[in-house]
Amino acid sequence: MYSHILVAVDGSDNAFRAAQEAIKIAKLSQTSMVEIVYVVNVEKVKNELLRAGSPETMELARQRKIAPVEQALTAAQVSFQTTILKGTPGPEIVRYANEKQVDLVVIGSRGLNRFQEMVLGSVSHKVMKRVQCPALVVK
Amino acid sequence: MQTLKEQWFGNVRGDILSGIVVALALIPEAIAFSIIAGVDPMVGLYASFCIATIIAFVGGRPAMISAATGAMALVMTSLVKEHGLQYLLAATILTGLLQLLFGVLGIAKLMRFVPNAVMIGFVNALAILIFMAQVPHFLKEGLWTYLFIAITLLIVYVVPRFFKAIPAPLIAIVILTIVTFTTGIDLKTIGDLGAIERALPSFFLPNVPFNLETVMIILPYSLALSIVGLLESLLTAQIVDEMTSTKSDKNREARGQGIANIINGFFGGMAGCAMIGQSVINVKSGGRGRLSTLVAGVFLMFLIIVLGDLVVDIPMPVLVGIMIMVSIGTFDWGSFRYIVTAPRADAFVMIVTVLIVVYTDNLAIGVVIGVILSALFFVATVSKVTIQQRGTTYIIEGPLFFASTKSFMQTFEQIEASSITIDLSSSHLWDESAVGALVKVIHRLEAQHIQVNVIGLNPASQALYNQLSGLTINH
């Protein structure tokens, strides 16, 4: 079974649904471990810092985005760890997943609206194309 | 923090490559910011070379890029217009001295007193001013100007999606300068704004009379420049810290900014500071160490020598387009939601900061008033004391200090009972006013033969009470 499942989390509802699917899969096997990956978008650090006011508040804001997923994993009694990366979300997830040779990547789709997707491209689509392992995109 | 050796040579390949990218990206901005300031483009280019090169050695935040900036250019515009370049150079040196002094005094701690509402107001006002500075360059300039601005914007936003090796603004400059040159389209160029002298930077004293009058002219500008420069530099340092997950010495950075501006002024450059945009480009391109900043400065000098003659032929609409891009990138677009969702006082402070800057054309005044305003709002918020009455017990909730003692005292003006208890366990006595108010209430009530019990003072408040009242509570 999938022993190392990576689930990408960004605080959106889609990411939470992705985490729920990851839990279902992890539950199938005793040895499965879920790794929550949150990528800090380095290009948005300026806006994040302006909004938060101080580095501590900024970390608290990130923690708030991850907490619901951690809570769900704890409730489901699935073993997990949390990793915070810095970079451009899509490529960074791909790089990390390939480097760690994870067994499955679970990612939510449509975190962006249609216009954003047109301009920026879909993150989940790029990740799905480039990871060297099975990927599950959750609607 | 890393060792000095790591800061210089920990990432040689990445630093050299990113430094080159930054040098290329600096050219359009240094030229455009010079035009905002009203000086020869060479003044901005030299400043960028000087500051980047010096700050590589004396700065506190490796991989941060400092050069001629829009924020500083906007502050100096009226000085240049009224008194000329020589006064700007003198002001730059004085700015450096002030920043050095602030750094020695530990200014970084004071940054904590600038709330985020003011910082958001600062970047938004900066974006608006940069945009407004472009308006005279395109209004009523004809169809070709608008077309070239549009093409520039198209290039800077679309090209990076497919090709990232060379900064898109530079691509826009090169392509559109060639197009203008070969087709002979009649567009205003940088050369049309005034003669450009090109010489290697050299050391000289600003040609100003050394007297009190000169100091009085430049001091307000230098003060504003040093505040704006340090504010943007320390914000940028925080951003780079966060991007690279490393720490930096903010007071050393403040001193470094000072040293860089002093030397920069003697070499004929305009005052500068750290740049958020360029520093982000540097880190994203792989820059992590001091070497990246040094390479950016040195390679920029090389480009100035090689390309210097071509600067005059750059069409103005291209620079206008690039500045519009910079202004869009500087503006905090989340602000519109912030105005709706943030606490009312914060939203108000943010908007007032923007309005003051746009009205006075001075970023420093907006920041100072914004900080004062939010401090007052803070005092108003924490000075709310609620008093609950349960029988003859009065429970005080909220801190007691100079701004909050009035409502506290009013509560005890008309007491009918023969004995009351004041419960201070949810409160704290902060200053003389608080102790004074408590003593006064007790004395007044006792004069009316009402017995007063004070309970729940926390140890710090008790100590202050004992010290200031000269007695111990034993009622």
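Remember, it's a predicted structure, so these values are computed and weren't measured experimentally.

### Details of the overall build of chain A
Part 1 of the reasoning: Counting its secondary structure elements, chain A contains six helices and five strands.
Part 2 of the reasoning: Along chain A, helices (α) and strands (β) appear in the sequence β-α-β-α-α-β-α-β-α-α-β when read from the amino end.
Part 3 of the reasoning: Computed over its C-alpha atoms, the radius of gyration of chain A comes to 15 Å, within 12% of the 14 Å expected for a compact globule of 139 residues.
Part 4 of the reasoning: Its C-alpha atoms put chain A at 45 × 30 × 25 Å along the principal axes.
Part 5 of the reasoning: Of all 139 residues assigned to chain A, the portion counted as buried reaches 47%.
Part 6 of the reasoning: For chain A, the accessible area works out to roughly 7,400 Å², and carbon and sulfur atoms hold 52% of it.
Part 7 of the reasoning: Here chain A contributes 18 positively and 13 negatively charged side chains, and the mean placements of these two sets differ by 6 Å.

### Focus: the pattern of salt bridges
Part 1 of the reasoning: Evaluated as defined, the whole model comprises 12 salt bridges over all chains.
Part 2 of the reasoning: Lysine 284 of chain B serves as the salt-bridge partner of glutamate 43 of chain A, at 2.7 Å between the closest nitrogen and oxygen. Linking glutamate 43 of chain A in the loop between strand E2 (33-41) and helix H2 (45-52) with lysine 284 of chain B in helix H11 (residues 276-284), this pair reaches from one chain into another.
Part 3 of the reasoning: Between arginine 112 of chain B and glutamate 56 of chain A there is a salt bridge, with the nearest N and O atoms lying 3.1 Å from each other. Remark: glutamate 56 of chain A occurs in helix H3 (residues 55-75) and arginine 112 of chain B occurs in the loop between helix H5 (85-104) and helix H6 (116-138); the pair is interchain, linking two chains.

### Section: the interface of chain B and chain A
Part 1 of the reasoning: In this complex, chain B contributes 21 residues to the contact, which on the side of chain A involves 19 residues.
Part 2 of the reasoning: Buried area between chain B and chain A, both sides added, is near 1,700 Å², and the carbon and sulfur share of it is 53%.
Part 3 of the reasoning: Our count for the contact surface shared by chain B and chain A stands at five salt bridges.
Part 4 of the reasoning: Close ionic contact of aspartate 332 of chain B with arginine 51 of chain A constitutes a salt bridge, the shortest N to O distance being 2.7 Å.
Part 5 of the reasoning: Broken down by secondary-structure element, the contributors of at least two residues to the side of chain B that touches chain A are H6, helix H9 (212-244), H11, helix H13 (316-330) and helix H14 (335-341) of chain B.
Part 6 of the reasoning: It is H9 of chain B that provides the largest number of residues to the side of chain B that touches chain A, a total of five residues.
Part 7 of the reasoning: A class-by-class count of the residues in the side of chain B that touches chain A yields nine nonpolar, seven polar and five charged.

### Concerning the environment of isoleucine 281 of chain B
All names here are of chain B.
Part 1 of the reasoning: Within the secondary structure layout, isoleucine 281 lies in helix H11.
Part 2 of the reasoning: Since its relative accessible area comes to 30%, isoleucine 281 is described here as partly exposed.
Part 3 of the reasoning: Considering only alpha carbons, one finds isoleucine 281 and alanine 25, 256 residues apart in sequence, at a separation of 8.6 Å.
Part 4 of the reasoning: Contact partners of isoleucine 281, with chain neighbours within four places excluded, come to Val21, Val22 and Ala25.

### Comments concerning a positive patch on the surface
Part 1 of the reasoning: Together, Lys126, Lys129 and Arg130 of chain A together with Arg161 and Lys164 of chain B line one region of the surface with positive charge.
Part 2 of the reasoning: Sort the elements by how many residues they give to the positive patch and helix H6 (residues 123-130) of chain A lands first, with three residues.
Part 3 of the reasoning: Structurally, arginine 161 of chain B is set in helix H7 (residues 143-162).

### A few points about a nonpolar patch on the surface
All names here are of chain B.
Part 1 of the reasoning: Taken together, Leu154, Tyr157, Val158, Phe162, Phe163, Ile166, Ile328, Trp333 and Phe336 make up a surface patch of nonpolar side chains, about 950 Å² in accessible area.
Part 2 of the reasoning: The element contributing the most residues to the nonpolar patch is H7, with four residues.
Part 3 of the reasoning: Position of valine 158 relative to the elements: it lies in helix H7.

### Considerations on the packing of aromatic side chains
Residues and elements named next belong to chain B.
Part 1 of the reasoning: Tallied over the full model, the rule gives 13 aromatic pairs over all chains.
Part 2 of the reasoning: Taking 6.3 Å as the distance between ring centres and 40° as the angle between the ring planes, the aromatic pair formed by tryptophan 333 and phenylalanine 336 counts as tilted.
Part 3 of the reasoning: Among the aromatic residues, ring-to-ring pairing joins Trp8, Phe9 and Phe57 into one connected group.

### So, the sheet that holds E2 of chain A
Residue and element names in this part refer to chain A.
Part 1 of the reasoning: With parallel pairing, the five strands of this open sheet are ordered in space as E3-E2-E1-E4-E5. A strand with exactly one partner marks an edge of an open sheet, and here the two such strands are strand E3 (80-87) and strand E5 (135-138). Here the strands of the sheet are splayed against their neighbours by 25° on average, with no regard to which way each runs.
Part 2 of the reasoning: Inspection of the sheet shows strand E4 (residues 104-108) paired to E5 by four bridges, in the parallel sense. Across the sheet, residue valine 106 finds its bridge partner in E5, namely leucine 136.

### Topic: the pairing of strand E5 (residues 419-426) of chain B
All names here are of chain B.
Part 1 of the reasoning: Across four bridges, strand E4 (residues 393-397) lies against E5 in parallel orientation. When the sheet's bridge partners are listed, tyrosine 394 is paired in E5 with isoleucine 422.
Part 2 of the reasoning: Crossover connection from E4 via helix H17 (residues 405-411) to parallel E5: handedness right-handed.
Part 3 of the reasoning: As paired elements, E5 and strand E6 (residues 451-455) share five bridges and run parallel to each other. Paired with isoleucine 422 across the bridge in E6 is valine 454.
Part 4 of the reasoning: Note that the unit made of E5, helix H18 (residues 432-447) and E6 has a crossover that is right-handed.

### Examining unusual backbone geometry
Residue and element names in this part refer to chain B.
Part 1 of the reasoning: Backbone geometry at alanine 63 places phi at a positive 75°, although glycine is not the residue there.
Part 2 of the reasoning: Considering the arrangement of structural elements, one finds alanine 63 in the loop between helix H3 (41-58) and strand E1 (66-67).
Part 3 of the reasoning: Phi is positive for lysine 140, close to 60°, though the residue is something other than glycine.
Part 4 of the reasoning: Along the chain, the position of lysine 140 falls in the loop between H6 and H7.

### Re the confidence of the model for chain A
Part 1 of the reasoning: Mean pLDDT over chain A works out to 87, with 91% of the residues at or above the 70 mark.
Part 2 of the reasoning: Per-element confidence in chain A is highest for strand E1 (residues 4-8) of chain A, whose mean pLDDT is 94, and lowest for helix H5 (residues 114-120) of chain A, whose mean pLDDT is 62.

Criteria and thresholds
Residues numbered from 1 in each chain as written. Chains lettered and ligands numbered in written order. Predicted model: local features only at pLDDT ≥ 70, side-chain atom pairs only at ≥ 80, totals over all residues. Heavy atoms only, no water. Helix = DSSP H or I, 4+ residues; strand = E, 2+ residues; numbered from the N terminus. Rg over C-alpha atoms; globule rule 2.2 N^0.38 Å. Buried < 20%, exposed > 50% of the residue type's maximum accessible area, 1.4 Å probe, protein only. Areas by Shrake-Rupley, 256 points an atom, 1.4 Å probe, with all protein chains shown as cover. Lys, Arg positive; Asp, Glu negative; His and termini not counted. Charge placed at Lys NZ, Arg CZ, Asp CG, Glu CD. Salt bridge = Lys/Arg side-chain N within 4 Å of Asp/Glu carboxyl O. Contact = heavy atoms within 4.5 Å. Buried area = accessible area lost by both parts, 1.4 Å probe. Nonpolar A, V, L, I, M, F, W, Y, C, P; charged D, E, K, R; others polar. Patch = residues over 30% accessible without salt bridge, like charges linked within 9 Å, V, L, I, M, F, W, Y side chains within 5 Å. Phe/Tyr/Trp six-rings, centres within 6.5 Å; stacked < 30°, edge-to-face > 60°. Pairing = 2+ DSSP bridges. Axes fitted to C-alpha atoms, helices over the stretch in contact; angles between N-to-C directions. Right-handed = clockwise from strand over helix to strand, strands pointing away. pLDDT = per-residue confidence, 0-100.

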